[in-house]
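Coordinates in review
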Amino acid sequence: MKYEITVGDITRLVTIEREPGNGPISHRISWVEVSDDGVGEEETHLVDLLRPSPEAFNMLIDGESWEAGCTPLSDGSGGYLVDVVGVTMAVGVVDPRRKALRLGSAHAGGLVATQMPGRVVRVMVAVGEAVKKGQPLIVVEAMKMENELKSPIDGTIGEIYVASGGTVESGAKLLRVDA
Amino acid sequence: MKYEITVGDITRLVTIEREPGNGPISHRISWVEVSDDGVGEEETHLVDLLRPSPEAFNMLIDGESWEAGCTPLSDGSGGYLVDVVGVTMAVGVVDPRRKALRLGSAHAGGLVATQMPGRVVRVMVAVGEAVKKGQPLIVVEAMKMENELKSPIDGTIGEIYVASGGTVESGAKLLRVDA
Amino acid sequence: MPSATTSPSALRPILKVLVANRGEIAVRVVRACHELGIPTVAVYSEADRAALHVRNAGEAVCIGPAPSSESYLRGERIIEAALRTGANAIHPGYGFLSENAAFARMVVEAGLVWVGPPASAIEAMGSKTRARQHMVAAGVPVVPGTTHAIETEAEALIIAREIGFPVMLKAAGGGGGKGIRKVEHEDEFSSAWRSTKSEASRSFKDDAVYLEKFVSNPKHIEIQVLADQHGTCVHLFERDCSVQRRNQKVVEETPCAVLPDATRLAMAKVAVQAAAAVGYVGAGTIEFLFSQASGEFYFLEMNTRLQVEHPVTEMVTGIDLVRAQLRIAAGEPLWFSQDDLRQTGHAIEVRIYAEDPANNFAPAPGRISGLREPGGPWVRVDSGVYAGYEVPIHYDPMVAKLICWGSTREEATTRLIRALREYRVRGIHTSIPFLAAILRDPEFQAGNYSTGFLTPERLHRLTQAGENPRIATIAAAIARFEADTRPARASTTASSSSAWKLAARPGGAR
Amino acid sequence: MPSATTSPSALRPILKVLVANRGEIAVRVVRACHELGIPTVAVYSEADRAALHVRNAGEAVCIGPAPSSESYLRGERIIEAALRTGANAIHPGYGFLSENAAFARMVVEAGLVWVGPPASAIEAMGSKTRARQHMVAAGVPVVPGTTHAIETEAEALIIAREIGFPVMLKAAGGGGGKGIRKVEHEDEFSSAWRSTKSEASRSFKDDAVYLEKFVSNPKHIEIQVLADQHGTCVHLFERDCSVQRRNQKVVEETPCAVLPDATRLAMAKVAVQAAAAVGYVGAGTIEFLFSQASGEFYFLEMNTRLQVEHPVTEMVTGIDLVRAQLRIAAGEPLWFSQDDLRQTGHAIEVRIYAEDPANNFAPAPGRISGLREPGGPWVRVDSGVYAGYEVPIHYDPMVAKLICWGSTREEATTRLIRALREYRVRGIHTSIPFLAAILRDPEFQAGNYSTGFLTPERLHRLTQAGENPRIATIAAAIARFEADTRPARASTTASSSSAWKLAARPGGAR
């Protein structure tokens, strides 16, 4: 299988296969890094995988013992929230075939979504209202902290999906700004 | 639903129902204790159940907070290995309808089974050999301890299901003594 | 008006304790009670049925909907729950109603034991201006400034000029790092005055504001005290809580690495004086600002309750502060003297929050998909969560505290770094990598850091550290690949790769 | 023949440690290394890919099939793994190869650092008769009896008569409670002689047997020592390990509740003498029998390695014994003196086994379906397992150790009872209820128990305690009912009853 995997600003084109035979190695993984400067050197790793629990990936990678937790991202993108030695990272995983499919039907407007579950404290705009890029639109509260979400573009409020006082899950769409 | 539940030498005929309505109570459980002396008084408990994980049962029972772990017994009998405040007990659970079914087909011979997984160290008898009740038949080792299993009855070895050196799971039949 | 210590000399056995709190501190109090053989009652909001304190307590009573204002802050419901379950004492933990004098009074009037100081002591220390007046009267050094609320902006500006800029504007009713504003120059004064007033009015329902000299680059040092109902008060040395972000403590340690012995003793003496001045009973903390430059220290405020960071004091003194609170509340005289107390070794605490340090510390509630807490020697975990727990959106984002002791500060630090490396909280972001980066910082390790330690530059550096994209790439690739090519199934055992392979072959599953 | 301490004065930095063990002790050693910033290599058998020490170490090497004789006891494979991974030191833990002089020698000859005493010291103490000879020469009191193996039964009987019955027959090469037989009367002597001989020959490949006077109702007291490569040796006080079943320790504590101070000091002095007599280096333990009746004590044997029960000593002295072993092995001189050491407070350890106390302690390997370890103040868990782990059938059934410290013995005891109450090991039987029952036993709480504490009667009583059939009935009924009436599904979050109810309604799942 091939995947495009993104951690921070690094994107890699990854090939992963199950290792045949009876030895301890379970997976063979190789990748090239892709950037604006082109494509980097290929590197390959042999992994002996153990899953002590569904979310835990204990890997002997070329003899080194590493452990990572992988929890599917709540946005349904196929990526994972991955933790390695305490550091948690959102890792994007895209199947290149599906990516091509998705791009064709992607919505061009300015969707505003919440990165955390919480309660909608205030909706400061109405449908049809003209807004500027950076203008505060909506306030979501979680754990006693208020977070103001701003318009990503100049435009008009196309739709509002939530109401003041409602609770929202992580990744939920809040409103749409049309250009 | 009705179940016959046995803990140690106590057997209870239990009726359990899901509690209707939107309140915190999830289950209503009542039972009578049955013994050779007859049937005891009925008692009833209201439970607010939370399952923090599949094997953990956190119960507010009449306002008291109790927690028990329930792991299905490996013998497939429908019972559970239940732990309460550190004490682990094998709890027999029988659906009275199934029990009637089972009794009809039960085998009358002297089956010898192991209560723990381990390795068969020695088989000391052969098929057809006459044995006395209490005679050592087979030795199973687990965790550096050897455990000798003895014949439950006077009889003849009917069948041997395992071989010396083999590993066995908990509850596995080892051999059968025919009366 | 009955005092919280109606009959100071009589023993009043505690038969059952209701813990009026949630999270790790409720779990902490339940543990102390169980060690004393005292049964416990937890209270919980509708959002907290699954909380750890409900699982650990002996009984549990639901006291209302999710918002604290409808549950954990409802004193009358809590007292009703105590009376109904036969609890004869209430432990408030920290936060919520712990420093609410009216609640303390209600508890006592209901005939229950209040595990805390008398309402009068809470009141004396509850207003910052009143506390300053008490302290000045008791001969305790306070930061130069006013001891009364200032009426007008014009008056305030005159005083500010006298003291000299920069100055601090503070809400008299404030606390927890809120309602505080630093004013660098005279031309910022007017807008700072107005915003402090309005925040004070909004947050504390009291717009009284007073003024203090700004002490530059101080350390935040506090002294733990314990006082019984019989007039004995001891101190349990200091805690250095100078690592702060937005006036919130992040790392706490004891002893302070750079406090001269003479200053420690002077500070401790003043703290005992301060407690005595308000008739204090129970566990309390006197906070000071300590100027490394001048060697002087000033009273800041008193916390009339248990502190979040109490464990580090426990680790170096061997005194169980919650057990002590309960015994004191039952009327026992202190069973040790000041001379019996020693600081042995070094202890450091870090607060683990459900937040994303790399994303401006955004709150990160959600389900903890996996959890492995560190263990081994001198590692203490005071946790309020478990694997499978959903961290709710309604409350403080602290999920656990991690405390390590070492025979030296260096040993405690390296042990804490090791324990953080072992700590796995999966499915949500936490402050763990940020905390590990602080502990590795050379200036932290030198020990002479001030409250200005977390500069924007350092904050940026420490929140971006430690990613391992290579391992994350491998793990995510395997996770995706396995999900895409395997039939979904619940894991039933730790499955090794060879078991995986067997499972992949027809009929090969063992 | 090179000595294990070839250049005692030169520092020899430890760059990477291979841990030649498994289970909790391998985890313990890995933790100590990581705190010192030293990378680690785990070794594992084919049955141990999923073991916790493999998860926690930095690297891991498979060294053979499940049976110890083909993996953990294969010295040459372990040394090969160290050389291959660049580890320059080997820590043996306890058990397996830890007291194997030939292995210690092989390690040193391979140019690696052996984290343990010189092979010569292991040999001197490895044979019980040779150890007795060394001790008699060093002026250490030994139990009256022979210091050499006895040739014939007739000769043995003559000596037994001289000493007076009851006597103990002991295999010279024995250890771990094996190869020991008490002979009450002369008429049992012949059969006991023959069975001890044959067990010695079978278990230790050495049929040498010697004879000791039976000390009635003694306490088992041991002294921890630490010696560096520069001739300094200190003791770290005693441990009382008298709670034993089948000569295996079950509960260990320090200080001993009834040891007179003078005896403690005399014992400690003798222990340091004993260690010096064999040129000891590193952490070691001298075991004594202490007769409460006579006040006398006798050398029993020396364990030339870390002990299972080392944590209680760590808790009261503040000395990290594994860290000390590593620093001593690197050539550092001891960084504290005898006068710096104090016993502060009290510590108790219990050993948690996968066994069924109510069923004659039958081993209980299997999958741990759920695990919650206790936490909070002064609770230490040294565990080798995790939730989902399958306890293998091949090795020792100890899954974890639980250690609690308290400022008094009573505080440590009540804390340990609380921690055991919190401890949840699900899916297998464990010794937890038995251990809690011991701690609640009045004779244990009195502290003057002897090695005869666990009489058959008490054992029966303590293994049948604590069942709660009512709660077990309710839980099993709900579990069966839910399984019979719900579609099977993996739990995705802590599901409260109201969520269950919603799920039960058509389209009601949120």
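What comes next concerns the included structure. (Residues numbered from 1 in each chain as written. Chains lettered and ligands numbered in written order. Predicted model: local features only at pLDDT ≥ 70, side-chain atom pairs only at ≥ 80, totals over all residues. Heavy atoms only, no water.)

The next thing to look at is the pairing of strand 21 (residues 398-406) of chain C. Residue and element names in this part refer to chain C. Of all the nine residues making up strand 21, nine are buried; the element is thus mostly covered by neighbouring parts of the structure. Where strand 14 (residues 346-353) and strand 21 come together, eight bridges link them in antiparallel fashion. The residue bridging V350 from the neighbouring strand is L402, located in strand 21. Pairing analysis gives five bridges linking strand 19 (residues 379-383) to strand 21, with the strands arranged antiparallel. In the strand pairing of strand 21, S383 is matched with A400. (Buried < 20%, exposed > 50% of the residue type's maximum accessible area, 1.4 Å probe, protein only. Helix = DSSP H or I, 4+ residues; strand = E, 2+ residues; numbered from the N terminus. Pairing = 2+ DSSP bridges.)

Moving on: the pattern of salt bridges. The final tally for this structure, using the stated rule, is 109 salt bridges over all chains. A salt bridge links E141 of chain B to R119 of chain B; the shortest N-O distance between them is 3.9 Å. Of this pair, E141 of chain B sits in strand 13 (residues 136-142) while R119 of chain B is found in strand 11 (residues 118-123), placing the two residues 22 residues apart along the sequence. R461 of chain D is the salt-bridge partner of D441 of chain D, the closest N and O atoms lying 3.7 Å from each other. Placement of the pair is D441 of chain D in the loop between helix 13 (432-440) and helix 14 (442-446) and R461 of chain D in helix 15 (residues 456-463), with a sequence separation of 20 residues. For D441 of chain D, a relative accessible area of 3% gives the class buried. With a relative accessible area of 48%, R461 of chain D lands in the partly exposed category. (Salt bridge = Lys/Arg side-chain N within 4 Å of Asp/Glu carboxyl O.)

Turning to the interface of chain A and chain D, a few remarks are in order. Contacts between chain A and chain D engage twelve residues on the former and twelve residues on the latter. Summing both sides of the interface, chain A and chain D together bury roughly 850 Å²; the carbon and sulfur share of this comes to 45%. The largest share of the area that chain A buries against chain D comes from L50, P52 and S65 of chain A, three residues that together contribute 47% of it. On the surface where chain A and chain D come into contact, there are two salt bridges. Across the contact surface, chain A and chain D share six residue pairs in polar contact (both at pLDDT 80 or more). Counting residues per element, the ones that place at least two in the side of chain A that touches chain D are strand 5 (43-53), strand 6 (56-61) and strand 7 (64-72) of chain A. The residue makeup of the side of chain A that touches chain D, split by class, is six nonpolar, three polar and three charged. (Contact = heavy atoms within 4.5 Å. Buried area = accessible area lost by both parts, 1.4 Å probe. Polar contact = N/O pair within 3.5 Å; in protein donor to acceptor, adjacent residues only side chain to side chain. Nonpolar A, V, L, I, M, F, W, Y, C, P; charged D, E, K, R; others polar.)

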